[in-house]
Amino acid sequence: MGFKTLLAFIAVSVASVNAAALRSHTCPDGSRTSNTACCAFFPLLQDLQTNLFGGNCGEDVHESLRLSFHDAIAFSKAQGPSAGGGADGSMLIFPDVEPNFAANAGISDSVSFLTPFLQRHNTITAGDLIQFAGAAAITNCPGAPQLEFLAGRPNATAPAIDGLIPEPQDPVDSILARMLDGGDFSPAEVVALLSSHTIARSDHVVPGSEQVPFDSTPFTFDTQIFVEVLLKGTGFPGNGSVGLGEVSSPLPLGSGADVGELRLQSDFALARDSRTACTWQSFVNEQEKMAIAFRNAMAKMAIIGHDRNSLIDCSEVIPQPVPALHKAATFPATKTIADIDQSCASSPFPSLASDPGATQSLIPNCPDNASTCIILA
């Protein structure tokens, strides 16, 4: 064995021993952990993966991640604690209040899906459940980062007020101001959080259509969203009616359940605003950079309203995500660099290949490995 190989072997062995030493507690289910407070999350993880996510980067994954953001950002430094407690589970504890706000349209589905888990795992608070579910959910999406998870959020004592969730029709100034007030997010961190739109779909923006994707690869955590939002629009998905907060899409073609692509007004504007355009473009074809930025921004979001030092690190419960597909970002079929709205003044748009084809490809409604995907009539 060569000297360098020996050193590498020793380093790996020491790291393994240290990891084993840190996980010095045995949970009732046999799992090993560094803190017994984390034990309750191992059976919760199994329950979520088996009975909600099913191993797919599907609809319940998208909705759980959306809920984690909407619950957390309901906080305001300017208005004080009475406005909302941040990541405190108020969505679950007061299901007849916040889910009825216009900005939370459709989120009652996520609340209904998670409520039985709160009842079955009743030692876990609502705020912890929401953030844990979001972190566990995206491990089913190829290319997603492994998110941090801290436990110990107390339950909400009151619902948040209306008006704290940014909406797609809001101007960039309002969105950036709300995110600064709600979570001290910089413009670059706002863009990082929007990486979540690579696996997002909407049920309530496009009139008459559900499960409308935001990019052409809605079951993969990749950088296509940062390419496609910068493409010139050509039409609207669905029946052609325009929803509130919707702008012209570059990929509107659909057929049956395979609906076209939705483009949000807020994504369109942030991708072209001088404060955020270069960060937006910098994620194109930079999977690792995007994933790291998203992980860091999510770590910040998940503890809004709480003192980090009062929480317990249970990140070890979150499994390694499905590996990235290592497919380069591309221009969709029929699109080239000529279709890009160049918006970053300091850097040219990256060089990308175009997918083959003389017509726009349809975006599938179901993840490839799903066996129970609901095909909409």
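Residues numbered from 1 in each chain as written. Predicted model: local features only at pLDDT ≥ 70, side-chain atom pairs only at ≥ 80, totals over all residues. Heavy atoms only, no water.

Enquirer: Can you walk me through the overall build of the chain in this structure?
Expert: Secondary structure assignment for the chain yields twelve helices and eight strands. By the compact-globule yardstick of 21 Å for 377 residues, the chain fits well, its C-alpha radius of gyration being 21 Å. With the principal axes as the frame, the chain shows a C-alpha extent of 65 × 60 × 45 Å. Out of the 377 residues in the chain, the part that is buried amounts to 51%. Looking at the chain alone, contacts between residues at least 24 apart form 70% of all its contacts between residues at least 6 apart. Just so you have it, the chain exposes about 16300 Å², and 57% of that area is on carbon and sulfur atoms. Here the chain contributes 19 positive and 38 negative side-chain charges, whose respective centroids are spaced 7 Å apart. (Helix = DSSP H or I, 4+ residues; strand = E, 2+ residues; numbered from the N terminus. Rg over C-alpha atoms; globule rule 2.2 N^0.38 Å. Buried < 20%, exposed > 50% of the residue type's maximum accessible area, 1.4 Å probe, protein only. Contact = heavy atoms within 4.5 Å. Areas by Shrake-Rupley, 256 points an atom, 1.4 Å probe, with all protein chains shown as cover. Lys, Arg positive; Asp, Glu negative; His and termini not counted. Charge placed at Lys NZ, Arg CZ, Asp CG, Glu CD.)

Enquirer: Mind showing me how you'd approach the pattern of salt bridges here?
Expert: As a working rule, side chains carrying opposite charge can pair if their charged atoms are close by. Scanning the model with the defined rule gives eleven salt bridges in all. Across the pair Asp 181 and Arg 178 runs a salt bridge whose closest N-O atoms are separated by 2.8 Å. In this pair, Asp 181 and Arg 178 are both assigned in helix H7 (residues 172-183), three residues apart and thus about one turn of the helix distant. Exposure remark for Asp 181: the relative accessible area of 16% places this residue in the buried category. The structure contains a network of salt bridges with shared partners spanning Asp 173, Asp 273 and Arg 275. (Salt bridge = Lys/Arg side-chain N within 4 Å of Asp/Glu carboxyl O.)

Enquirer: Before we go on, may I ask you to explain the packing of aromatic side chains in this structure?
Expert: Two aromatic rings are characterised by how far apart their centres lie and by the angle between their planes. For the structure shown, the criterion picks out seven aromatic pairs. On the numbers, 5.2 Å between centres and 65° between planes, the contact of Phe 226 with Phe 283 is edge-to-face. Placement of Phe 226 in helix H9 (residues 224-228) and of Phe 283 in the loop between helix H11 (277-282) and helix H12 (287-301) is noted, with a sequence separation of 57 residues between them. Three or more aromatic residues joined by ring pairs form one cluster here, namely Phe 41, Phe 132 and Phe 149. For the cation-ring pair, Arg 120 lies above Phe 117, with the distance from its terminal atom to the ring centre recorded as 4.6 Å. Taking the ring centre of Phe 268 as reference, the NZ or CZ of Arg 272 above it sits at 3.7 Å. (Phe/Tyr/Trp six-rings, centres within 6.5 Å; stacked < 30°, edge-to-face > 60°. Lys NZ or Arg CZ within 6 Å of the ring centre and 35° of its normal.)

Enquirer: Which parts of the structure should I look at to understand the state of the cysteines?
Expert: Working definition of a disulfide: a covalent bond connecting the sulfur atoms of two cysteines. By the definition in use, this model includes four disulfides. There is a disulfide in this structure between Cys 57 and Cys 141, and the S-S distance comes to 2.0 Å. Linking Cys 57 and Cys 141, the disulfide has an S-S dihedral of approximately 85° and is accordingly described as right-handed. Linking Cys 57 in the loop between helix H2 (41-53) and helix H3 (59-72) with Cys 141 in the loop between helix H6 (126-137) and strand S3 (150-151), this pair joins segments that are 84 residues apart in sequence. (Disulfide = S-S within 2.5 Å.)

Enquirer: Sorry, what's going on with the nonpolar core here?
Expert: Core analysis: the biggest nonpolar cluster contains 91 residues, and Leu 48, Leu 114 and Phe 132 have the highest contact counts within it. Per-element accounting of this core gives the leading share, eight residues, to H6. Residues contacting Leu 48, with those up to four places away along its chain left out, are Phe 53, Gly 54, Leu 114, Phe 117, Phe 132 and Ala 133. (Core = buried A, V, L, I, M, F, W, Y, C linked by side-chain atoms within 4.5 Å.)

Enquirer: Is there a simple way to think about H6 in this case?
Expert: One turn of an α-helix holds 3.6 residues; hence residues three or four places apart share an orientation. Taking 1.5 Å of rise per residue, the twelve residues of H6 would be expected to cover 16 Å, and the 16 Å separating its terminal C-alpha atoms lies within 8% of that figure. Burial analysis of H6 places twelve of its twelve residues in the buried class, which makes it a mostly covered element. Within the span of H6, buried status applies to Ala 126, Gly 127, Asp 128, Leu 129, Ile 130, Gln 131, Phe 132, Ala 133, Gly 134, Ala 135, Ala 136 and Ala 137. (Expected span 1.5 Å × (residues − 1).)

Enquirer: What is the right way to look at the side chain of Arg 272 in this model?
Expert: Its place among the elements puts Arg 272 in helix H10 (residues 265-272). Engagement of the side chain of Arg 272 in a polar contact is seen with the backbone oxygen of Val 229, the distance being 3.0 Å. Once residues within four sequence positions are removed from consideration, Arg 272 is found in contact with Val 229, Leu 230, Leu 231, Arg 263, Ala 277, Asp 341 and Ser 343. (Polar contact = N/O pair within 3.5 Å; in protein donor to acceptor, adjacent residues only side chain to side chain.)

Enquirer: Would you explain the environment of Ala 299 in this entry?
Expert: In this fold, Ala 299 is placed in helix H12. For the pair Ala 299 and Leu 147, spaced 152 residues apart in sequence, the C-alpha to C-alpha distance is 7.1 Å.

That's the geometry; what it means functionally is another story.
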